[in-house]
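Now for the letters of each chain:
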Amino acid sequence: MQYLISVIDDKSNPGSTDRQPAISAFNERLIAEGYWVFAGGLADTDAATVIDNRGEQAVFSDGPFVESKEYLAGVWVWEAPDLDVALKLATEASKVCDRKVEVRPFR
Amino acid sequence: MSAADPREAITRAHYEEWARVVASLTRRFGDLDIAEEAAAEAFATAVERWPAEGVPPNPGAWLTTTANRKAIDRIRRENKRDDKQAEAQMLDADSPEPLGAIDDDRLRLIFTCCHPALAMETRVALTLRMVGGLTVPEIARAFLVQETAMGRRITRAKAKIKAARIPYRVPSADDLPARVSGVLAVLFLVFNEGYLATGPDTNPVRLDLTAEAIRLTRLIRALLPDDGEVAGLLALMLLTEARRTARISATGELVTLDEQDRGAWDAALIAEGHRLVRERLAAGVAPGRYQILAAINAVHTSARDIRHTDWSQVLALYDQLVRLDASPIVALNRAIAVAELDGPEVALAAVDRLEDKLAGYHAYHATRADLLRRMGRSQKSRAAYDKAIELAGNTAEIAYLTRRRDQLG
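Residues numbered from 1 in each chain as written. Chains lettered and ligands numbered in written order. Predicted model: local features only at pLDDT ≥ 70, side-chain atom pairs only at ≥ 80, totals over all residues.

Undergrad: Tell me about the overall build of chain B, residues and numbers included.
TA: A tally of regular secondary structure across chain B gives 21 helices and 0 strands. Relative to a compact globule of 409 residues, whose C-alpha radius of gyration would be 22 Å, chain B shows 24 Å and is just as compact. Considered along the principal axes of its C-alpha atoms, chain B spans approximately 80 × 45 × 45 Å. In chain B, buried positions account for 41% of the 409 residues. In chain B, once contacts between residues fewer than 6 apart in sequence are set aside, the share between residues at least 24 apart is 62%. (Helix = DSSP H or I, 4+ residues; strand = E, 2+ residues; numbered from the N terminus. Rg over C-alpha atoms; globule rule 2.2 N^0.38 Å. Buried ≥ 20, exposed ≤ 12 C-beta atoms within 10 Å, placed from the backbone. Contact = placed C-beta atoms within 7 Å.)

Undergrad: Please give an account of the overall build of chain A that cites residues and values.
TA: Scanning chain A for helices and strands turns up 2 helices and 6 strands. Principal-axis analysis of the C-alpha atoms gives chain A an extent of 50 × 30 × 20 Å. In chain A, which comprises 107 residues, the proportion classed as buried is 18%. The long-range share in chain A, meaning contacts at least 24 apart out of those at least 6 apart in sequence, stands at 75%.

Undergrad: Residue-level account of the interface of chain B and chain A, with values.
TA: Opposite the 6 residues of chain B that make contact, chain A presents 6 residues. Broken down by class, the residue content of the side of chain B that touches chain A amounts to 5 nonpolar, no polar and 1 charged. (Nonpolar A, V, L, I, M, F, W, Y, C, P; charged D, E, K, R; others polar.)

Undergrad: Could you give an account of the pairing of strand β2 (residues 36-41) of chain A, with specific residues and numbers?
TA: Regular strands place side chains that alternate from one sheet face to the opposite one. All names here are of chain A. The buried count for β2 comes to 0 of 6 residues, which makes it a mostly uncovered element. Relative to strand β5 (residues 70-79), β2 runs antiparallel, the two being bridged by 5 bridges. What sits directly across from G40, in β5, is V75. (Pairing = 2+ DSSP bridges.)

Undergrad: Before we move on, can you summarise helix α14 (residues 289-302) of chain B with the specific residues and values?
TA: All names here are of chain B. Compared with the 20 Å implied by 1.5 Å per residue over 14 residues, the 20 Å span of α14 between its first and last C-alpha is a close match. Judged by how many residues are buried, α14 sits mostly within the fold: 11 of 14 residues are covered. Turning to α14, its buried residues are R289, Y290, Q291, I292, L293, A294, A295, I296, N297, A298 and T301. Buried residues along α14 sit against α9 (176-195), α11 (228-241), α13 (267-283) and α15 (311-324). (Expected span 1.5 Å × (residues − 1).)

Undergrad: Break down the domain arrangement of chain B for me, citing the residues and quoting the values.
TA: Residues and elements named next belong to chain B. When its domains are assigned, chain B resolves into domain 1 (6-97) and domain 2 (103-224). Residue-level contacts link 13 residues of domain 1 with 11 residues of domain 2. Counting only elements with at least two residues in the side of domain 1 that touches domain 2, the list comes to α1 (6-29) and α2 (32-53). Take the side of domain 1 that touches domain 2: its biggest share by element is 9 residues, from α1. Across the side of domain 1 that touches domain 2, the residue classes break down as 5 nonpolar, 3 polar and 5 charged. (Domains from an automatic or database assignment.)

Undergrad: Which residues make up the nonpolar core, and what values do they have?
TA: The nonpolar side chains of a soluble globular protein tend to be buried with one another. All names here are of chain B. Ranked by internal contacts, the top residues of the largest apolar core, which has 127 residues, are V22, L25, A39 and A294. Each of domain 1 (6-97) and domain 2 (103-224) gives at least three residues to this core. Beyond its immediate chain neighbours, meaning those up to four positions away, V22 contacts A35, E36, A39, L109 and M130. (Core = buried A, V, L, I, M, F, W, Y, C linked by C-beta atoms within 7 Å.)

Undergrad: So what's going on with the pairing of strand β3 (residues 49-52) of chain A? Residues and values would help.
TA: Residue and element names in this part refer to chain A. With 4 bridges connecting them, β3 and strand β4 (residues 59-62) associate as antiparallel partners. Among the inter-strand pairings, I51 is bridged to a residue of β4, identified as F60. In textbook terms, the turn of a hairpin is the stretch between consecutive antiparallel strands, and for β3 and β4 this stretch comprises 6 residues.

Undergrad: Mind laying out helix α10 (residues 207-223) of chain B, listing which residues take part and the relevant values?
TA: End to end, α10 of chain B covers 24 Å across 17 residues, agreeing with the expected 24 Å (1.5 Å per residue, within 8%). Buried residues of α10 of chain B: L209, T210, E212, A213, I214, L216, T217 and I220 of chain B, and no others.

Undergrad: I'd love a proper account of the confidence of the model for chain B, names of residues and values included.
TA: Looking at chain B, pLDDT values average 89 and 92% of them are 70 or higher. As scored by the predictor, the complex reaches a pTM of 0.82 and an ipTM of 0.88. (pLDDT = per-residue confidence, 0-100.)

Undergrad: Please provide a residue-by-residue account of the packing of helix α6 (residues 120-131) of chain B against α9 of chain B, values included.
TA: Residue and element names in this part refer to chain B. Remark: α6 packs on α9, axes separated minimally by 10 Å, with the N-to-C direction vectors making an angle of 85°. If you check the angle between α6 and α9, you find them roughly perpendicular. Side by side, α6 and α9 meet where R123, V124, T127 and L128 of the first sit next to V186, L189 and V190 of the second. Broken down by class, the residue content of the contact of α6 with α9 amounts to 5 nonpolar, 1 polar and 1 charged. (Axes fitted to C-alpha atoms, helices over the stretch in contact; angles between N-to-C directions. Parallel < 35°, antiparallel > 145°, perpendicular 65-115°, else oblique.)

Undergrad: Any details on unusual backbone geometry? Residues and values, ideally.
TA: All names here are of chain A. With phi around 55°, D98 is a residue other than glycine that occupies positive phi space. By the secondary structure assignment, D98 is in the loop between α2 (83-97) and β6 (100-105). On the basis of neighbour counts, which here come to 16 C-beta atoms within 10 Å, the residue D98 falls in the partly exposed class.

Undergrad: An account of the environment of V59 of chain A is needed here, citing residue identities and associated values.
TA: Within the secondary structure, V59 of chain A sits in strand β4. Look at V59 of chain A and you get exposed, because 11 C-beta atoms sit within 10 Å.

Undergrad: I'd like to hear about the sheet that holds β6 of chain A, residue by residue, with values.
TA: All names here are of chain A. With antiparallel pairing, 4 strands are arranged side by side in an open sheet as β2-β5-β1-β6. Bordering the open sheet on either side are β2 and β6, each of which pairs with just one other strand. Averaged over all pairs of adjacent strands, the angle between strand axes in this sheet comes to 20°, irrespective of strand direction. For strand β1 (residues 2-10) and β6, the ladder comprises 6 bridges, and the chain directions are antiparallel. Of the residues in β6, the one forming a bridge with Y3 is P105. Along the sheet face, α2 touches β1, β5 and β6 and points at about 155° away from the line of β6.

Structure, rendered in structure tokens:
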């Protein structure tokens, strides 16, 4: 079973910026234990572009699709046998990256 | 076929076998929804057939076998035969249960229903449906929610369990204490809603909910006999339930502990509660929250009348509880014991310090009202009663507070 772990940051109360070494160590462990599928940190939401090509012409707009105080700062994809395993890892992940995380199963 | 009254046999089987049937089907088919529906169909079939054909010699086995067939029928109907897993499960559906697996199944079911990834109100509803066997309309009524809304809540929970793969498993030893404490929180909430039912059209005590909470806690106790907090919660519920009939007057008014007819307390429940508290004391392990609350109730139920209550013991237990749980509600209850030992003035000072946190809680105002009344400060007492009445949700409590207020000089 694969789970998407979204790292949620808060513009008015951001998590600390010195977490990279701890995250790298955690990622190495995820790989060694067979949970790791993918991980990536995202650039600031200001760097986002929204494209809507459902109409006659593609419309590009600058910025994220929704402006909010909380935003997606990065993602992991894990392979885990069940939610208990995913939640246990996510509990560590939140501590390691000093941010809230959301666990959501893939269909 | 036995000659037992079929209707009584069905009620009894529902009481005793529902959780077993749902639990064993959930393990076999890996799907709560299939298990719940098949169990309900099996009981409906029993209602149809037992009166005509007689009650089977082993109702539990009959229900499990019938429910298994219903589940297989449903899987076939939904054309899942290409699903290898379902096929494998169907093949052994009529094979005998491994010995001792059934109790573990019920425990698995309870832990799944009380999973921390589900909202508290969802855990309560799901536990009452899957483990307790209450119907959706019964649960909806118990929590004053529309039936459709309650149905949706349970359906959503089953869908999440499936989609997110919440495991059907007894948690590992590391996680067990936290997870058991989550299960106990669900049962305590059910009990409290029964004991202090809210709503103007609700009975002040909901015996269906208190009885169900006690029954499920007894079940957990049988499955986890060495867990101190399970024993503590059961003792707490029994010692509270023992006073139920003395706690509401003939006119539907709350009777406080000091005015209760102690002869009307249920001696058998008190004896059982005291036995559990003594068992935990003898275990010599530091007690958790429920064990301390049970011990406090044991002190109260040991006193012949209110004057014989060992208040210093009660206060010592509250001091112990404060160290585990620094919540303002514990502090409020501790202050009530302080009033008995050091007088209402000292207690009122302690209660007033809780205003920031408890201003919206009726018991805070009711406690203040009572302390102010005892100090002869009628005007302030009246204002506190007014506030308590405004915030209280239990009809018996409102009746009691109103009488007390109207008796002020």
